[in-house]
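# Structural features, examined
Read off the chains here:
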Amino acid sequence: MTFAPVTRRLGLIAAAASAMLGLASCGGGNGKSAAAPTEITFSILSAEGQASAGPLWQPLLDDMSKAIGVEVKPYFGSNYTVLVEAMRGNQTQVAWFSAKPAVEAIDRADAEVIARTVNKEGMDSYRSTLIVRAGSGITLDQVMACGKRFDFGIGDAQSTSGTLAPMAFLFNPRNVVPAQCFKTVRAANHQSNAFSVASGLLDVATSNTVNTVFLRKQNPQVAAQIQEIWQSPPIPESGILVREDLDPALKEKIRSFFLTYGQGEGVEAERQRQVLAGLEYSRFNAADDGYLNPIREMVADQKLGEARDKGDAAGIAAAERELQRLRSLREVQP
């Protein structure tokens, strides 16, 4: 008689413990969920909103829904800060990000890369360049010698290839400050700088390989008057990211969808290629977070400059260590 209540209590405790273990296995204890969702949300940057980007992306999202067996809804944001925060708060589970916000999503929103985009020309990266007028005889050594000899065109302050890349990969490693190096420094977009170099208004300017391709197609006469004298390491194009805590089986279905989309022969593959063409892509390549190291190098270079401006010794040391690590990784790549 006295053992029955104890037995019942032990049974209740065991049942409660079992229930708690069940919750923990679904992520209740650590925020990591293994349960497959019934729908997921895919974030897309569009300054104009769904009206402009929706028709381009919706066919791919519909195909994705069919392939993974889960409804995929779009989430449109007007800037990357909004989209990174949406992924951080688990409002979105999959995202298309350009390279710099992709780094932010990895660092702040528990995201990981599953694929990178390949453009219609078959490139999954591009390069920052330094351009001069063809036949001018200006060399990179002459440019880096400074002496306030040349009129220089740089990009907008936050332009990856117009400013960040040439500063991180060319000027800063050689302790060259453009404002002190050149006769004049003017900030403008790539096309404006290219036209100014071609016409002789500027001696040298930053550009990128995408702009080179554009000029060759749209304005070959201008392109013929421009010569590249420097290229940066490859700068990664945009990528597809997912939350790390997404159901592993679903994550692999999503990865497989992107890596096989538009590939192969037949009517369906051709239809998918037309969807990709509308997005200015040809396919998606396999990738992991390491493909974004050039962006991390630029970010570390920025942090080093900011720390030096503040006289922050600890910040300088940390940024220099990170730069050394990233540069060593780049040097051993084939």
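Described below are features of the structure shown in this document. (Residues numbered from 1 in each chain as written. Predicted model: local features only at pLDDT ≥ 70, side-chain atom pairs only at ≥ 80, totals over all residues. Heavy atoms only, no water.)

## Focus: the packing of aromatic side chains
How we decide: Only centres within 6.5 Å qualify two rings of Phe, Tyr or Trp (six-membered ring in Trp) as a pair; their planes then separate them into stacked at under 30 degrees, edge-to-face at over 60, and tilted for everything else. Going along the chain from the N terminus, every DSSP run of H or I of four or more residues is numbered as a helix, and every run of E of two or more is numbered as a strand. Here the term buried applies to any residue with accessible area under 20% of the maximum for its type, exposed to any over 50%, and partly exposed to those in between, with areas from a 1.4 Å probe on protein chains only.
For the coordinates displayed, the defined rule picks out 11 aromatic pairs. Here F171 and F182 contribute two aromatic rings whose centre-to-centre distance is 6.2 Å and whose plane-to-plane angle is 80°, an arrangement assigned as edge-to-face. Linking F171 in helix α6 (residues 160-171) with F182 in the loop between α7 (178-181) and β8 (184-187), this pair joins segments that are 11 residues apart in sequence. Take F171: its relative accessible area is 0%, and that puts it in the buried class. Look at F258 and F284: their rings are 5.0 Å apart centre to centre, the planes differ by 80°, and that puts the pair in the edge-to-face class.

## Some remarks on the environment of A224
Inspection of the secondary structure puts A224 in the loop between α10 (220-223) and β10 (226-231). With relative accessibility at 58%, the residue A224 sits in the exposed group. Considered as a pair, A224 and A134 are 90 residues apart in the sequence and their alpha carbons are 7.4 Å apart.

## As for the state of the cysteines
Two cysteines whose sulfur atoms are joined by a covalent bond form what is called a disulfide. Stated precisely, the cut-off is as follows: The disulfide criterion used throughout: a pair of cysteine sulfur atoms within 2.5 Å.
Within this structure, the stated rule accounts for 1 disulfide. At a sulfur-sulfur separation of 2.2 Å, the disulfide partner of C146 is C181. Judged by the sign of its S-S torsion, about -95°, the bond between C146 and C181 is left-handed. Placement of C146 in the loop between α5 (140-144) and β7 (151-154) and of C181 in helix α7 is noted, with a sequence separation of 35 residues between them. Judged by its relative accessible area of 1%, C181 is buried.

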